[in-house]
Structure formats: C-alpha cells, structure tokens
Amino acid sequence: MMQKNFWVTEVGNGYGQTIEVKEKLCEKQSKFQKIEVYETCRLGRLLLLDGIIQLTYADEFAYQEMMANLPYYAHGNPERILVIGGGDGGVLRELSRHKEPKVLDLCDIDEEVIKTAKKFLPEMACGFDDPRVNIHIADGSEFIREKEGYYDLVIVDSTDPGGPGAPLFGAQFYADLKKALRPGGVVGTQAESPWLLPEVVKNLINAARSNFKYVDYAAISVPTYPTGMIGCCVATDGRAVDKPASAVDPQLASKLRYYNKEVHEAAFAKPQFVREMLGF
C-alpha cells in the first residue's frame, strides 16, 4: 500500500502556511535547532529549521540571488566577502558565480545544517565547492569581532530572531559589522517582512541607521515565505545603495533568474505604509 501524501505546516506570529509533501527525507536535532528536509509534491525539496520554512527548490533562487546581488552590486567590486549563516550554501552559490572575489568566507553556528545541505540539498550545497570558500563553524556575532577592517562585503543570511540568529538583529551587531568592513564596505542582512514582523523590521533598520550613513530596505518576492515576501537591509557609508554601482556581466546575467538592474532598483521602492513605518 502506497503511503499517502501529508502536509507540513509552519505556524507562528498568528500566521500559518501549509505545504503538501510526499516524504520526510531527514529529521535531526542539532545542538541549536531541529532540522527537517522533505520532498514536496509541487515545490521540490523543503528545508525547515525549528519548524520555520527556510527554502523550497521552487523559489529559493529569488532569495539567494537577491541576498547575494543586492549588496554585491551596491558595492560594485568586493574582493573579500563574508556570509554569516547561509549554511544551505545558496548565497555562496550565487557569490561563486562572480569572478572578482578573492575570499569567500562562510561562518555558521550549526555545522549540522551544512552537513544536511550537502546530503539532501545538492543544488544549494554546490556553493561550498568553490575553492575560494572557507568554512568557519562559529557564532557569527563573535567571529566578526576578530576581523576588524577586513571585509568589503558581509551578508547576513540569518534565521528568524527567535532562534540561534537572535544576536544578529541587535544594534551591537551592526556596530561590529561596521568595524569589520574596509572603507566603502557594504552589509546586506536578512530583514524580515513588514507584514509579519513590523517591529523587528523597524528595530533592525534603526540599528543599521545608528551605525551607517546609507541604509535602505528592499523587498524580495518569495511565495513560500509567510506573507510571500522577505526583506533585505543594505547599509554602507560609501554611497546610496538603490542603484547598482556596476553592471552585471552578460555571461552572469544569462544564468540569473530573478536579479537584474531593473529589479535591483525596483526592490527599494516602498509602499506608503512601509515608508511611514521605517521613516523613509
């Protein structure tokens, strides 16, 4: 008798989202969080951490491309890059498409996420194959304190603030991010949804503003995230970030499915309620 399909539901903040799945591929408890991988009926592989949807194969490219390229092109030509979090390898995959970077560091607190991605999410974990990649298993909020004035770009691909990613949402962390940058350096951080967590978004933007001259908030459409969107905060002392500082190489552009110059600029356009909420 064939096993019937079943449903996996993410519930939190008064909101729920349910996805039909065929099979549970992995369930384990690391020192930090519960890790689950499913094969879905329509969306490919599904990764949850502590019951929160992190990605599906169907739309992960939208998040990964934007989290990598919004801050990348806000800088224009970063040579030394750090990803904090991102243990699935997706942001690294997008960064590795660029020829210019000389250093691609990744710091994730939970080695089990990386191991799980390599086994069950190969389309994501291919990001670890680039020889420029160096993996550091550590708390990102502590790791950057040892890297003063080192990076051109830091991307924070964090979980939600309720889990191991909690230290990555405070003002002290943004002060430490600034110290870790070389002149003109840029940070890009996972910045939640104003529909779902407005106070978190406000506090995060204010933390960035207390440390950086130019701070902006971009929206990314990701259908399988609660409310269908997520934000990216891009901050720097160098220049306004709402327009790319350099053009996308045509060879790279042919591989991208979401990011382009027009989407970069449009992502920073805000509905009126978001402008009022965040003071833009």
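Computed from a prediction, not measured in an experiment: that's the story for all the values here.

Peer 1: How should the sheet that holds strand β10 (residues 181–190) be read in this particular structure?
Peer 2: Across a sheet, strands are paired by hydrogen bonds formed along the backbone, either parallel or antiparallel in direction. The seven strands lie next to each other as β8-β7-β6-β9-β10-β12-β11, forming an open sheet whose pairing is mixed. The sheet is open, and its two edges are formed by β8 (133–137) and β11 (214–221), each paired on a single side. Shown here is a sheet whose adjacent strand axes are inclined to one another by a mean of 15°, direction ignored. As paired elements, strand β9 (residues 151–157) and β10 share five bridges and run parallel to each other. Each bridged residue has a counterpart across the sheet, and for Val154 the counterpart in β10 is Val187. Strands in contact with helix α3 (residues 111–120) are β7 (103–108) and β8; relative to β8, the strand with the most contacts, it is inclined by about 135°. Contacts between helix α7 (residues 198–209) and the sheet are confined to β10, β11 and β12 (229–236), with β11 contributing the most and set at about 145° to the helix.

Peer 1: It is not clear to me how the pairing of strand β3 (residues 34–40) should be interpreted in this structure. Could you clarify?
Peer 2: Every regular strand shows the same layout, with side chains that alternate between the two sheet faces. Burial within β3 is extensive, with five of its seven residues counted as buried. A loop of four residues connects strand β2 (residues 15–29) with β3, the two strands running antiparallel in sequence. Sheet topology note: the β3/strand β4 (residues 45–49) ladder contains five bridges and is antiparallel. Looking at the pairing, Glu39 lines up with Arg45 of β4.

Peer 1: Please clarify how the sheet that holds strand β5 (residues 52–56) should be interpreted in this entry.
Peer 2: Strand order in the open sheet formed by five strands is β1-β2-β3-β4-β5, with antiparallel pairing between adjacent strands. Strands with a single pairing partner mark the edges of an open sheet, and in this sheet they are β1 (6–12) and β5. Put simply, the sheet's adjacent strands are angled 45° from each other on average, direction ignored.

Peer 1: What's the story with unusual backbone geometry in this structure? I'm lost.
Peer 2: Glycine aside, residues mostly have negative phi angles, and peptide bonds mostly take the trans form. Residue Asn13 is not a glycine yet carries a positive backbone phi of 55°. Here Asn13 is to be found in the loop between β1 and β2. Located in the positive-phi region is Thr227, a residue other than glycine, with phi close to 75°. Mapped onto the secondary structure, Thr227 falls in the loop between β11 and β12. Residue Thr227 is classed as partly exposed on the basis of its relative accessible area of 25%.

Peer 1: Is there a simple way to think about helix α6 (residues 171–179) in this case?
Peer 2: Side chains three or four residues apart in an α-helix point the same way, a direct result of the helix having 3.6 residues per turn. For α6, the full list of buried residues reads Phe173, Tyr174, Ala175, Asp176 and Leu177. Buried residues along α6 sit against β6 (80–85), α5 (140–143), β9, β10 and α7.

Peer 1: Just checking my understanding: could you explain the pairing of β12 for this structure?
Peer 2: Extensive coverage of β12 is indicated by the burial of eight of its eight residues. Of the two faces of β12, the one lined by Met229, Gly231, Cys233 and Ala235 and the one lined by Ile230, Cys232, Val234 and Thr236 are each fully buried. Relative to β12, β10 runs antiparallel, the two being bridged by five bridges. By the bridge assignment for β12, Val187 is matched with Ala235. Relative to β12, β11 is paired through eight bridges, and the arrangement is antiparallel. Note on β12: the bridge partner recorded for Tyr214 is Thr236.

Peer 1: Is there a simple way to think about the layout of surface pockets in this case?
Peer 2: Where empty space is left can be seen by rolling a probe of water-molecule size over the atoms. Looking at the largest pocket, its volume works out to about 770 Å³. Taken together, 46 residues form the lining of the largest pocket, with Gln54, Ser158, Thr159, Asp160 and Gln190 sitting closest to its centre. Elements with a minimum of two residues in the lining of the largest pocket: β1, β2, β4, β5, α1 (60–75), β6, β7 and β12. For the lining of the largest pocket, the residue count by class is 20 nonpolar, 18 polar and eight charged. Estimated volume of the second largest pocket: approximately 220 Å³. Lining the second largest pocket are 13 residues, with His98, Lys99, Glu100, Asp249 and Leu252 positioned closest to its centre. Counting residues per element, the ones that place at least two in the lining of the second largest pocket are α1 and α8 (250–253).

Quick notes on the rules
- Residues numbered from 1 in each chain as written.
- Predicted model: local features only at pLDDT ≥ 70, side-chain atom pairs only at ≥ 80, totals over all residues.
- Heavy atoms only, no water.
- Pairing = 2+ DSSP bridges.
- Helix = DSSP H or I, 4+ residues; strand = E, 2+ residues; numbered from the N terminus.
- Axes fitted to C-alpha atoms, helices over the stretch in contact; angles between N-to-C directions.
- Contact = heavy atoms within 4.5 Å.
- Buried < 20%, exposed > 50% of the residue type's maximum accessible area, 1.4 Å probe, protein only.
- 1 Å grid on protein atoms, 1.4 Å probe; cavity = no way out; pocket = protein on both sides within 12 Å on 5 of 7 lines; lining within 4 Å.
- Points joined across faces, edges and corners; volume = space filled by probe spheres on them.
- Nonpolar A, V, L, I, M, F, W, Y, C, P; charged D, E, K, R; others polar.

Nothing here speaks to function; it is geometry throughout.
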